[in-house]
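# Structure assessment
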Amino acid sequence: MKAGILFLFSLFLFQAGFAQSKSNSISSIVKNDRNEMVSGATIRLLQLKDSVLISLVKTDETGKYHFVHISNGTYYITVKALGQRLFQSNPIELDGKNSLVELPAMILSADQRNNLAEVVIQSRKPLIQMEMDKTVVNVDAMISSTTSNTLEVLAKTPGVTVGANGEIGLSGRTGVLVLIDGRSTYMSGQDLAAYLKSIPGSQLDKIELIDNPSAKYDAAGNAIINIKLKKNRQGGFTGSLATGYSQGKYDRSNNSLSLNYNYKKINVFGNLGYSYEKTYADDDMTRNFFNAEGAPASTVTLQNRQQNKNNAANTNVGMDYAATAHTTFGMQFNYSESRNKGNFGYNSANYSGALDSTGNGTTKTTNNRTNYGGNINMLHQFGDSGKELSADLNYLNYNNTNEQSLQNLMNLPDGTLTGKNDFLYHLPSTIHVYTFKADYVHPLKNKAKLEAGVKSSWVNNDNLSDYYRVDGADQGIDNGQSNHFKYSENINAAYLNAQKSWNYFSLQLGLRAENTVSHGDQLGNATVAETSFKKNYTGFFPSLMASYKLDTLGKNTFSFAITRRLYRPGYLLLNDFLVYRDQYSYTSGNSLLGPEYQNRYEIKYQYKQLLRIGFSYNKFSNLIFQTTQVVDNIFITQPENVSGGHIWMLNTGMSLAPEKWWKLNTDLMLARLAIKGSIYGVNLNPQTSLARLNLLNQFTIGQSWSAELGGHFDSKDLNGQTFTGSMYIVNAGIQKKVFKNMGSIRLAADDIFHSWVYHNRSVDLPQANYLQTTRSDSQRFSLGFTYRFGKDTFASKSKHENDAQSEERSRM
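Residues numbered from 1 in each chain as written. Predicted model: local features only at pLDDT ≥ 70, side-chain atom pairs only at ≥ 80, totals over all residues. Heavy atoms only, no water.

Turning our eyes to something else, we now look at the overall build of the protein chain. Along the protein chain, the regular secondary structure elements total four helices and 48 strands. Whereas a compact globule of 812 residues would reach a radius of gyration of roughly 28 Å, the protein chain reaches 28 Å, a difference of no more than 12%. Across its three principal axes, the protein chain shows a C-alpha extent of roughly 100 × 60 × 50 Å. Counting all 812 residues of the protein chain, 52% fall into the buried class. A sequence separation of at least 24 residues applies to 67% of the contacts in the protein chain between residues at least 6 apart. (Helix = DSSP H or I, 4+ residues; strand = E, 2+ residues; numbered from the N terminus. Rg over C-alpha atoms; globule rule 2.2 N^0.38 Å. Buried < 20%, exposed > 50% of the residue type's maximum accessible area, 1.4 Å probe, protein only. Contact = heavy atoms within 4.5 Å.)

Here Asn 461 is to be found in strand 27 (residues 448–471). According to the relative accessible area criterion, Asn 461 is buried, its value standing at 4%. Polar side-chain contacts of Asn 461 include one of 2.4 Å to the side chain of Asn 463. (Polar contact = N/O pair within 3.5 Å; in protein donor to acceptor, adjacent residues only side chain to side chain.)

Take the nonpolar core next. Ranked by internal contacts, the top residues of the largest apolar core, which has 43 residues, are Leu 154, Ile 168, Leu 196, Ile 207, Ile 225 and Ile 227. The leading source of residues in this core is helix 4 (residues 189–197), at four residues. Not counting chain neighbours up to four residues away, the residues in contact with Ile 225 comprise Leu 154, Val 160, Ile 168, Leu 170, Val 176, Leu 177, Val 178, Leu 179, Ile 207, Glu 208 and Leu 209. Val 30, Ala 41, Tyr 65 and Ile 92 belong to the second largest nonpolar core, which has 20 residues in total. (Core = buried A, V, L, I, M, F, W, Y, C linked by side-chain atoms within 4.5 Å.)

Here the focus is helix 4. Regarding helix 4, the residues found buried are Leu 192, Ala 193, Tyr 195 and Leu 196. One face of helix 4 carries all of its buried residues, which in axial projection span an arc of 165°. Each element contacted by the buried residues of helix 4 is listed here: helix 3 (150–155), strand 13 (168–170), strand 14 (177–180), strand 17 (224–229), strand 22 (327–352) and strand 23 (354–381). (Arc of directions from axis to C-beta.)

Before going further, it helps to examine unusual backbone geometry. Glycine aside, residues mostly have negative phi, and peptide bonds are mostly found in the trans state. Residues other than glycine seldom take positive phi values, yet Asn 446 does so here, at roughly 60°. Structurally, Asn 446 can be placed in the loop between strand 26 (429–444) and strand 27. Phi angles above zero are rare outside glycine, and Asn 741 is one such case at about 70°. Positionally, Asn 741 belongs in the loop between strand 44 (727–738) and strand 45 (743–750).

Across all of its chains, the model carries 24 salt bridges by this definition. Arg 746 is paired through a salt bridge with Asp 140; the nearest N and O atoms lie 3.2 Å apart. Placement of the pair is Arg 746 in strand 45 and Asp 140 in the loop between strand 11 (135–138) and helix 3, with a sequence separation of 606 residues. Among the ionic pairs, Asp 211 bridges to Arg 173, the shortest N-O distance being 2.7 Å. Taken together, the residues Asp 211 in the loop between strand 16 (204–210) and strand 17 and Arg 173 in the loop between strand 13 and strand 14 connect sequence positions 38 residues apart. (Salt bridge = Lys/Arg side-chain N within 4 Å of Asp/Glu carboxyl O.)

By the definition in use, this model includes 28 aromatic pairs. Chaining the aromatic ring pairs together yields one cluster made of Phe 237, Phe 739, Phe 785, Tyr 787 and Phe 789. Geometry around Phe 635 places Arg 287 over its ring, the cationic atom sitting 4.0 Å from the centre. In this structure, Lys 716 is placed above the aromatic ring of Phe 723, and the distance from its NZ or CZ to the ring centre is 5.2 Å. (Phe/Tyr/Trp six-rings, centres within 6.5 Å; stacked < 30°, edge-to-face > 60°. Lys NZ or Arg CZ within 6 Å of the ring centre and 35° of its normal.)

With that settled, consider the sheet that holds strand 11. An order of 10-11-16-17-14-15 is seen for the six strands of this open sheet, with the pairing classed as mixed. Two strands close off the open sheet at either side, each with one partner strand: strand 10 (128–130) and strand 15 (183–184). In terms of strand pairing, strand 16 meets strand 17 through six bridges, oriented antiparallel. When the bridges of strand 17 are listed, Leu 209 appears paired with Ile 225. (Pairing = 2+ DSSP bridges.)

These figures capture arrangement, not role.
Structure, rendered in structure tokens:
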């Protein structure tokens, strides 16, 4: 791979200096009347004599556009942008004397004639927008988003998977880095799932799916999902509210309010959300044990029943201040809290031919989470040169109090009580995260530019686990079952990106370097000795992206990408402490766990917004693998590094309109997955082929009615030492626009046939196997209402998006 990158980099330098262009080109920049860049404007080049359209382009994120291969002649240009008056240039004469024509900046005037309702009608966004470096999902195009939380919206997003325990995957790969407004959630696993459940889906604007992140992004995460919250950048006072109620076996409610005020140099915004839910999960498992000769020895059956009640509230407020025409300062504060009560119960039966014993137990949990964070950011543009400097400073604090009361009862087959255990867990945790990030963009001649940046993060993690044995009214701490784990980590990173565009070909090369220094302490107590570990490692992460347009309008495009990524284990996965789940199940971390590495190679073809086909090879080394060890009929699950694995993958996406009233979005993934390594003396070599199909039909019924019908199918899958059987889900929704299209009433049905059921079986367990079935409250029927209010004056604010906290959150 290194040799290939060096060759292409040499080619890049050679081509950058090679003078070419036998035809004319025209370029300029588009701004509004507040001297701010206008991105996404439609630029048309027309022939003066008959107004025949010669070419059409859109401005990029810096407001720039470029026409190439223009013959001699006389032309004019029109510029059309949302909320702006139509702009028409003076005649432009091309005579070949000066083939590179750079026009003065084009200044647009705000169109005050339109109101918000008219804009909504004219600019309805599609569900899927395909771009070469990412796929953008416009959440409001999902009818059911109003009555869903963020985790459920992700589960319905094409290409995204959400496992039974909240594990998030993208395009067949787990270990995904989840960002919110460009900043990481600093959580992983069930903690991340709980946080995303607390955010109503109606607060989301769009979801960006990034398979091949450039060197600008943190190296962590096998892929990136960026969730962007609603933030209206248009002038005046605007807002929206949404409320949704859904009923499955239990009820649920999601509610949100978004406000924005934009006047002259100041933009103030805020989101407020509240959600309530009660859920259940039923888990039935049969575990079979064998002797050394492979003959059946015993069987344990487990019935686990989990119920949870959760109330959550969150707020996000911020301000952008345009100090000058080229400098913008911003600040943001977010706060969230959730109050969760859980009730877990199990029944077990132990057989050695006949029934030997039974057991049952309960775990009552009270879990309170309080999270808050702040961000200060700055964006400075050096005149109209395109040079740009941005910086971010962030702080994040997580506080979690978790109290668990557990009871286990053991009985003979006739019901005689043979044992009883009562104990308590006291599990508080605190995490502090500090990050600083700076990025610089430097344009070069002939559509080239350099990007460079640095980032530092500091994490302090404090987790206490006190175990108390209970005897009547007496409680006594058991130091042998207690643990106090502290973890600190410092990551320093720097990157360099080089980009160059020609008429049809563009190339981007990047290199990111990251150094990680970490220190973990199990503080010990009167019974347990103190232990600690230190790690210090540096990684280099190259990236290469190339694209080639087959035509002047870019309707047909091929691209090729090479990226190297890593996946750092979550902080708690590094704690060796053994955690009790039920009488036959424990989990543990692993302080020896190292990061997982991925090399990804992908070639992709895209035809306009209609078709996307990508073929990739993903090679993993030092793979983080959830393993299960069987000790005296107890399953102990902990993460381990195994040699590696690979995935061959074909991804296709289509956005079609079979009729004017019917839009069809499809996303199909076909993959071949293999893992190779050894665990506990057993060779691992599981392989499987898998398929995932997402379908969404959207129907327009008259001017104010719309509907959707969709779902997805997952074939057999492999996760750790578990095979999951195939399953499918069907969802539907209908929407009625009200109040002159300012509001909507939405009805939705999720998992109509209650078919989203997990059927798991083990693979490569020494002298044991298991079968498991898990059901949850996935079948739901919902009613929602949304309303937008206020009037826009169509002013655009800073485009700065902060991503300084881009990895650490994802590992909590």
